[in-house]
Amino acid sequence: MLRARGGWQALRRCASLPRARRAVRLRVREALGALEPADAVQVQGWVRSVRSQKEVLFLHINDGSSLENLQVVADPSLENRDLTFGSAVEVQGKLVKSPHKMQNMELKAETIRVVGPCDTWSFPLKMKERHPLEYVRQFPHLRCRNNTLGSLLRIRSEATAAIHSFFQDNGYVHIHTPIITSNDCEGAGELFQIEVMEDLFKTATSTVLSKCPCDVELFHKYIAPAQKGRLEQMLKNKFVTISYSEAVEILRQASQTFTFKPEWGCDLQTEHEKYLVKHCGEVPVFVINYPYDLKPFYMRDNEDGPQHTVAAVDLLVPGIGELCGGSLREERLPFLESRLQRLGLADAYQWYLDLRKFGSVPHGGFGMGFERYLQYILGVDNIKDVIPFPRFSHSCLL
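In this text the structure is predicted, and so the values were computed from the model without any measurement. All residue numbers refer to positions counted from 1 along the written sequence of the respective chain. Reporting of local features is limited, given that this is a predicted model, to residues whose pLDDT is at least 70; pairs of side-chain atoms are given and counted only at 80 or more, and all residues count toward the totals for whole chains, interfaces and linings. Hydrogens and water molecules were not included; the side-chain quantities draw on all heavy atoms of the structure.

Let's hear about the overall build of the protein chain: which residues, and what values?
To qualify as a helix, a DSSP run of H or I must reach at least 4 residues; to qualify as a strand, a run of E must reach at least 2; elements of each kind are numbered from the N terminus. In terms of helices and strands, the protein chain carries twelve helices and eleven strands. Partly exposed residues are those whose accessible area sits between 20% and 50% of the maximum for their type, while under 20% is buried and over 50% is exposed, using a 1.4 Å probe and protein chains only. Taken over 398 residues, the protein chain has a buried fraction of 43%. Residue contacts follow a heavy-atom distance rule, with two residues in contact if any of their heavy atoms lie within 4.5 Å. Residue pairs at least 24 apart in sequence account for 64% of intrachain contacts in the protein chain once pairs closer than 6 positions are excluded. With the model as given, the accessible surface of the protein chain reaches about 23200 Å², and the carbon-plus-sulfur share is 53%. A 1.4 Å probe and the Shrake-Rupley method give the accessible areas. Residues count as covered only by the protein chains that appear here.

Requested: an account of the confidence of the model for the protein chain, with residues and values cited.
Looking at the protein chain, the pLDDT average stands at 89 and 90% of residues meet or exceed 70. Summarising per-element confidence for the protein chain, the mean pLDDT is lowest in helix H1 (residues 2-16) (44) and highest in helix H8 (residues 244-252) (97). Each residue carries a pLDDT score, the predictor's confidence in it, ranging from 0 to 100. Predicted confidence for residues 1-18 stays below pLDDT 50, and this span has zero contacts to residues more than four positions away or in other chains. Across residues 184-191 the pLDDT falls below 50, and counting only partners more than four positions away or on other chains, this stretch makes 19 contacts in the model.

Explain the nonpolar core to me, using residue names and the numbers behind them.
Ile-155, Tyr-373, Leu-374 and Ile-377 are the most contacted members of the largest nonpolar core, which totals 44 residues. Elements represented by at least two residues in this core include exactly helix H3 (133-136), helix H4 (147-169), helix H5 (194-211), helix H6 (213-222), helix H7 (227-236), strand E9 (309-317), strand E10 (321-328) and helix H12 (370-378). The biggest single contributor to this core is H4, with eight residues. When residues no more than four places from it in sequence are discounted, the contact partners of Leu-374 are Leu-152, Ile-155, Arg-156, Ala-159, Gly-379 and Val-386. Residue types Ala, Val, Leu, Ile, Met, Phe, Trp, Tyr and Cys, when buried and joined through side-chain atoms within 4.5 Å, form a set referred to as a nonpolar core.

Mind laying out the packing of aromatic side chains, listing which residues take part and the relevant values?
Each pair of aromatic rings is reported with the distance of its centres and the angle of its planes. In this analysis, rings of Phe, Tyr and Trp, with Trp reduced to its six-membered ring, are considered paired at centre separations within 6.5 Å, and the interplanar angle assigns stacked below 30 degrees, edge-to-face beyond 60, and tilted for intermediate values. A full pass over the atoms with the stated rule returns 17 aromatic pairs. Taken together, a centroid distance of 5.3 Å and an interplanar angle of 85 degrees make the contact between Phe-166 and Phe-167 edge-to-face. Relative accessible area serves as the criterion here: at 7%, Phe-166 is assigned to the buried category. A centroid spacing of 5.4 Å and a plane angle of 85 degrees characterise the contact between Phe-167 and Tyr-172, whose relative ring orientation is edge-to-face. Aromatic rings pair up to connect Phe-201, Phe-239, Phe-286, Tyr-373 and Tyr-376 into one cluster. In this scheme, Lys NZ or Arg CZ marks a charge over a ring once it lies within 6 Å of the ring centre and within 35 degrees of the ring normal. Over the face of the ring belonging to Tyr-290 we find Lys-295, whose NZ or CZ atom lies 4.4 Å from the ring centre. One residue, Arg-332, lies across the ring of Phe-335, its end atom 3.8 Å from the ring centre.

How would you explain the pattern of salt bridges if you had to name every residue and give the values?
Criterion for a salt bridge: a side-chain nitrogen of Lys or Arg within 4 Å of a carboxyl oxygen of Asp or Glu. For the structure shown, the criterion picks out 14 salt bridges. A salt bridge links Arg-113 to Glu-90, with the nearest nitrogen and oxygen atoms 3.5 Å apart. Pair noted here: Arg-113 is in strand E6 (residues 105-116) and Glu-90 is in strand E5 (residues 88-97), with a separation of 23 residues, a long-range link. One network of salt bridges, in which partners are shared, links Glu-249, Arg-252, Lys-261 and Glu-263.

Quick rundown of the pairing of strand E3 (residues 57-62)? Include the residues and the values.
In summary, the side chains of a regular strand alternate between the two faces of the sheet. For E3, a buried count of six out of six residues is recorded, marking the element as mostly surrounded by other parts of the structure. Both faces of E3 are covered, namely the face carrying Leu-57, Leu-59 and Ile-61 and the face carrying Phe-58, His-60 and Asn-62. By definition, two strands form a pair when at least two bridges between them are found by DSSP. Examined bridge by bridge, strand E2 (residues 38-52) and E3 share six bridges and lie antiparallel to one another. Among the inter-strand pairings, Arg-51 is bridged to a residue of E3, identified as Phe-58. Where E2 folds back onto E3 in an antiparallel hairpin, the turn is made up of four residues.

Help me get a handle on H4, residues and values and all.
In this model, H4 (23 residues) spans 33 Å end to end at C-alpha, consistent with the 33 Å of a helix rising 1.5 Å per residue. For H4, the N-terminal cap is Asn-146; the gap from its side-chain oxygen to the backbone nitrogen of Thr-148 is 2.9 Å. One or two positions beyond H4, positive phi appears at Gly-171, with a value near 85 degrees. What a helix should span is 1.5 Å times the count of its residues minus one. In protein, a polar contact requires one atom able to donate a hydrogen and another able to accept it; more generally it is a pair of N or O atoms within 3.5 Å, and residues adjacent in sequence count only if both atoms are side-chain atoms.

Tell me about the sheet that holds strand E11 (residues 364-368), and please be specific about residues and values.
With respect to topology, five strands assemble into an open sheet ordered E7-E8-E9-E10-E11, the strand pairing being mixed. Of all the strands in the sheet, the pair left with one neighbour each is strand E7 (240-243) and E11. Strand-to-strand twist across the sheet, computed as the mean angle between neighbouring axes with direction ignored, equals 20 degrees. Sheet topology places strand E8 (residues 285-291) next to E9; six bridges connect them, and they run antiparallel. Paired with Ile-288 across the strands is Val-313, a residue of E9. Only C-alpha atoms enter the line fits that serve as axes; for helices the fit covers just the stretch in contact. Angles between N-to-C directions range over 0 to 180 degrees.

So, the packing of H5 against H12: which residues are in play, and what are the values?
Where H5 contacts H12, the two axes come as close as 12 Å, and the packing angle between them is 60 degrees. Taken together, the axis directions place H5 and H12 in an arrangement best described as oblique. Taken as a pair, H5 and H12 cross one another with a handedness that is right-handed. Note on element contacts: H12 touches H5 through Tyr-373, Tyr-376 and Ile-377, opposite Phe-201, Ala-204, Thr-205 and Val-208. Roughly parallel means an angle under 35 degrees; roughly antiparallel means over 145; roughly perpendicular covers 65 to 115; every other angle is labelled oblique. By convention, the crossing between two helices is left-handed when the near helix turns anticlockwise from the far helix through less than a right angle, and right-handed when the turn is clockwise.

Can you explain the packing of H4 against H6? Please cite residues and give values.
Look at H4 against H6: their axes get within 9 Å of each other, and the N-to-C directions meet at 130 degrees. By the angle between their axes, H4 is oblique relative to H6. As H4 runs across H6, the sense of the crossing is left-handed. Along the contact surface, H4 presents Asn-147, Thr-148, Ser-151, Leu-152, Arg-154 and Ile-155, while H6 presents Asp-215, Val-216, Leu-218 and Phe-219. Note on residue classes: Ala, Val, Leu, Ile, Met, Phe, Trp, Tyr, Cys and Pro are nonpolar, Asp, Glu, Lys and Arg are charged, and everything else, Gly too, is polar. The class makeup of the residues in the contact of H4 with H6 is five nonpolar, three polar and two charged.

Structure representation (structure tokens):
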């Protein structure tokens, strides 16, 4: 009984003791944006720099949530040989106001745990070096630890969300179409107008600029210094619209010599598209009403002549060329049957004809090259540098 009573008393004493406060885990972005200091905070990330002085140890860590690093201030006794550039660490301590004007908060460390050491000699990314995009392209599994590619991933995420939000806010429903199909087709959808394409482009771009200002600024400062002004001009001005026939006439009258001679009935090449944008004042250009024989069977016949065209549209943007392509779809069954029979495709596309037989409506669709869109707003020349894991000839790393 005495032992039991003593045990109960010990339990009561333990219960009355104050419990250790559990540290709140924050991302680097959250820590930097905190409005008030906090006593118990835990931050995880990779070490971007280490500077040891006689009385203080400075670290800069980043977890990929922000372009800006979080400064960690610690006692030199917390330093160990594994605490190097590139190592993964977990830091616990107090979030306090930073005395430096360039940073709102800093973390005063109480414990530093190296979760994963890094061999700095063989690590291909070096501290305080601005690696060319061609260099980091060799290391697709590590290049997200580079500032430029880290920014790109955050921008891609916001751009994707902005595009989805645009359509959701306008009453569209997101569906997953087949990835593998026996049909040669592009796009699908509702009634799309040129204004929708322009609105999507401007809305998504404005969202990215507002939500990722520092990440976008990195590209506009170091990769494409003139791109910021071009984007501002694009957002202010209405896009230009010209017909395919007008485009060919502009190209024919150009003083520039093209590799591919512009002719009515031939597809526009990238050199033609870039010239048209330049001719129209370096703003995006819609080219509409392409030749009937140049486009797929499902594009709507304009019933014009003598130069027969379909209701198709391409959006051309500065420095890139074609960004979006779309059309009204042929909803009239007799027109569609006639063309499929001439092409010998009536049996293969019977399901497509069924869609016209059973309650068809006027409709259209367009597709946008997402990577080309990122190239344009960021000013990146090579499309490989806006894809997280690019695949190209003789290179399929990972």
